[in-house]
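One-letter residues, chain by chain:
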Amino acid sequence: MAPKLNPTFPSLLLLLISFHLCTVIAWKKEEFRTCNQTPFCKQARSRIPYSSSLFATGVAILDGALTAKLRHPLPESPDQDQIKPLLFTLSVYQNGVVRVKIDEDPSLDPPKKRFEVPDVILPEFEASKLWLPRVQTETVDGDSEPSSIVYVADGYEAVLRHSPFEVYVRERQSKRRVLSLNSHGLFDFEQLRVKQEGDDWEERFRSHTDTRPYGPQSISFDVSFFDADFVYGIPEHASNFALTPTKGPGVDDSEPYRLFNLDVFEYLHDSPFGIYGSIPFMIGHGKTRGTSGFFWLNAAEMQIDVLGSGWDAESGILLPESGSRIDTLWMSEAGVVDTFFFVGPGPKDVVRQYISVTGTPAMPQLFSTAYHQCRWNYRDEQDVENVDSKFDEYDIPYDVLWLDIDHTDGKRYFTWDKVLFPNPEQMQNKLAAKGRHMVTIVDPHIKRDESFHLHKEATNKGYYVKDASGKDFDGWCWPGSSSYPDMLNPEIRSWWSEKFSIKNYVGSTPSLYIWNDMNEPSVFNGPEVTMPRDALHYGGVEHRELHNAYGYYFHMATSDGLVKRGDGKDRPFVLSRAFFPGSQRYGAVWTGDNTADWDHLRVSVPMILSLGLTGMTFSGADVGGFFGNPDTELLVRWYQLGAFYPFFRAHAHHDTKRREPWLFGERNTELIKNAIHTRYTLLPYFYTLFREANTSGVPVVRPLWMEFPSDEATFSNDEAFMVGNSLLVQGIYTERAKYASVYLPGGQPWYDLRTGITYKGGMTHKLEVSEETIPAFQRAGTIIPRKDRYRRSSTQMVNDPYTLVIALNSSHAAEGELYIDDGKSFEFTKGAYIHRRFVFSDGKLTSSSLVPNAPRKTLFSSPCIVERIIILGHSSGPKNALIEPSNHKAEIELGPLWLRQGKGNSVLTIRRPNVPVSEDWTIKIL
């Protein structure tokens, strides 16, 4: 974040002040609005239960959907205007998804069409609509008139209650509710109006005025999650994973969870304040029934209350009996009601249902799943060369080196400082020769400089966002006076994507990838450090209506640009700070400008869990903290935890001390190196998990309850997390810790990842903590693929042999998977990949293919072999194993669990079976 600036000051002075203040001023609460300073939020929060008087009429099936008009009672006084009816549509889609839309009636001539967010919902989802043949009626809850009921999926149906208006999904047999909207009568929809003489619609905050030309247009309603013990999701906030009540008995002066993308400098931990991204998707989970989800597709500012037990005690409303229920209040400044109900019933089911609407996460390139080294800023080409050579000198692998804004010519993106970076292609090619890559930053603010070709072209084509008067919007960011491309317009996104070609981005090479920062968008002198809400976009859309999606469209255009650059053959890598539903299709995100303290290390876990649960699985936090100087212990602990983040990058502010891994003494360098080596060893497992996410949406890093959905001890545990279904990791979050309490769920044992020592499941263990590692365990019954040879980069490991680590359960069985492709192209979408399933049972390990309908001619092959098989939980008697179909034997002996790390126990090891990773085979222990 930067402070508010006065554009009448000289440019140079302003920039100097901006840079200086960014380094010394922490987050200022008064710079941002509270709910009480936000009229739509204050109004919605003040409404009492059952204040909505809407009722449904004209219920019918139209175009395969259930439709109705939502009306208000006739006004009591002839002086009052009749409120116009709203249009209601309920559609049902495959796999248990219900969509409810409510909007103004276009036949009644509203002043303008309300904004519906484009290019988020997949066309395939739209095509999966089930055409409802009929509607049934039933009198529910003692109503005076019947409700309308439609089929949803096997075992579920949706109910439209006519009067009072309510919509919910229930189980068909038991009639138990799963999710409901307006059960507490808090629905409110402010319709657009034509301004009359005397209307004062302007909103003022600090020195800024919002003209609000169409008046108040907010929407609010309550949503209830039945049989839910906790609710999760709605990132991005630096807070607990399980969302805590924000309103109700015993909750004092709390703000709602805010969803409004903002450039927040040194954000606070344990706060409901919205930061860089917004995903209005919430999941409820409980032991009794399982999991359900609710998603509101809306890009305007949103505030969400989690209502504490007893919040409605005085309302007199009695909902149907439920073991537990969590009520929430959803409030937005603008848009339409476009909501989705996901019935589950399991946590992975809900994630798949949400992903069916917004898209699966992109399959990343292999290099991007490895370690990234970043700083604001590596000074020049010599600095880059020195950092790169030091990694080799200390035998520390890395894959990507990043350049921040100071690599450019005067903050003009797509340029290079000719003094500091005179030979950018040569610099990138030197890295590429070692299998490494470079990332440069490209932000959305374009310097208003008539000599800058990009600005001249955007101005001449009319491609900038306009201010309320229709002129090109002029705001302040890193270059000084800046304008912003209108990314809502597909034509402008296409234009932007062309800028990443090798021809247009002079000095770039095919090994260069992109970082989108400041794309909330950040405007230093704007209200709340962002763009004014009455700024105008393509089609006359106000910025208030699409604010949270601006960064999404910028991310999309950048990603498309890299795809075009490679003629559609090269997977893009783009890191974005801002995000919205659907961003998972275009790249990675990170948690923004965190701080080098233990609280920010701790809160990184629930933040990453929330992102993964809502589609953004390729996420991470700046290792070491962006602001401040971590002490050595904190830095080591952060590397040890960060090695298990899906996105693993160290980053730091330019005013911090240099903190490359070799600067903290020999012992600490060794500890950091071991943490990075752990990530590289586990890259085959991580890449397999990224493929799982790419096909199902199930996140790489996931909460314990996603794997153990009936274990109540996991529901609020956000100190530990699962990596896939096989690894449990818990960070060390306090200084000089001697012990850690770790809960290991389930009825099967767990094996210490470093030592192989067995721990009982279903209980909490008090473990001694060492400086060498953080608690990490392999789940019994799983098989994890590894690569144990260390190279300079992941690219150089491609043909190295594999190790399989088999962790036997109480039945002496285990299973796992391995996914391999070329690591860079889109050929995997045509079937060019290897996907193996490993099963150990009855003393025999079997490898079989999971490629569906595999063609006779292999589209992708690998020369890799399996050179070691480690078996945890097996007696040490066997000496040989028989390999089929080659009919040869391999020796079994006791060997180290890790070849180059720690002092692990000797474990049963099948040495050099040398079986091809791409073929079917069996290995039987004799």
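This write-up is about the structure you can find in this document. Because the structure is predicted, anything quoted here is derived from the model rather than measured.

Another point: the overall build of the protein. If you tally the helices and strands in the protein, you get 15 helices and 52 strands. Taken against the 2.2 N^0.38 rule, which gives 29 Å for 926 residues, the C-alpha radius of gyration of the protein at 28 Å falls within 12% of a compact globule. With the C-alpha coordinates aligned to their principal axes, the bounding extent of the protein is approximately 95 × 70 × 55 Å. Here the protein holds 926 residues, and 63% of them are scored as buried. Within the protein, residue pairs in contact and separated by at least 24 positions form 72% of the contacts whose partners lie at least 6 positions apart. With the model as given, the accessible surface of the protein reaches about 33700 Å², and the carbon-plus-sulfur share is 49%. Seen as two clouds, the 98 positive and the 117 negative side-chain charges of the protein have centres 5 Å apart.

Judged by pairing direction, the sheet is parallel, and its eight strands sit side by side in the order β33-β32-β31-β28-β24-β23-β22-β34 without closing on themselves. Across the chains shown, the open sheet's two edge strands, defined by having one partner strand only, are β33 (619-620) and β34 (648-650). Of the strand pairs in this sheet, strand β23 (residues 400-403) and strand β24 (residues 437-441) are connected by four bridges, and their pairing is parallel. Considered in β24, the bridge of Val 400 is made with His 437.

Here we take up unusual backbone geometry. Note that the residue after Pro 235, namely Glu 236, is joined by a cis bond; omega there is 25°. Tracing the backbone through its elements, the reader meets Glu 236 in the loop between β15 (230-233) and β16 (257-259). Cis geometry is adopted by the peptide bond preceding Pro 885, which originates at Glu 884 and carries an omega value of 10°. Although it is not a glycine, Asn 95 sits at a positive phi angle of roughly 70°. Secondary-structure assignment places Asn 95 in the loop between β3 (86-93) and β4 (97-104).

Moving on, we come to the packing of aromatic side chains. In total, this model carries 60 aromatic pairs according to the counting rule given. Between Trp 478 and Phe 524 the ring centres are 4.9 Å apart and the planes differ by 85°, which places this aromatic pair in the edge-to-face class. Here the residue Trp 478 occupies a position in the loop between β26 (475-477) and β27 (480-483), and Phe 524 occupies one in the loop between β28 (512-516) and β29 (536-537), the gap between them amounting to 46 residues. Note on accessibility: Trp 478 and Phe 524 belong to one class, buried. The rings of Phe 367, Trp 402, Tyr 513, Trp 515, Phe 573, Trp 590, Phe 618, Phe 647 and Phe 690 are connected pair by pair, giving a single aromatic cluster. The ring of Trp 898 has Arg 754 lying over it, and the distance from NZ or CZ to the ring centre is 4.4 Å.

Here we come to helix α7 (residues 453-461). Taken together, the buried positions of α7 are Leu 454, His 455 and Ala 458. Burial along α7 is one-sided: seen end-on, the buried residues are contained in an arc of 95°. Looking at the buried side of α7, the elements it contacts are β25 (446-447) and α8 (490-497). Once α7 ends, the next one or two residues include Gly 462, with phi positive near 70°.

How each quantity is defined
- Residues numbered from 1 in each chain as written.
- Predicted model: local features only at pLDDT ≥ 70, side-chain atom pairs only at ≥ 80, totals over all residues.
- Heavy atoms only, no water.
- Helix = DSSP H or I, 4+ residues; strand = E, 2+ residues; numbered from the N terminus.
- Rg over C-alpha atoms; globule rule 2.2 N^0.38 Å.
- Buried < 20%, exposed > 50% of the residue type's maximum accessible area, 1.4 Å probe, protein only.
- Contact = heavy atoms within 4.5 Å.
- Areas by Shrake-Rupley, 256 points an atom, 1.4 Å probe, with all protein chains shown as cover.
- Lys, Arg positive; Asp, Glu negative; His and termini not counted.
- Charge placed at Lys NZ, Arg CZ, Asp CG, Glu CD.
- Pairing = 2+ DSSP bridges.
- Phe/Tyr/Trp six-rings, centres within 6.5 Å; stacked < 30°, edge-to-face > 60°.
- Lys NZ or Arg CZ within 6 Å of the ring centre and 35° of its normal.
- Arc of directions from axis to C-beta.

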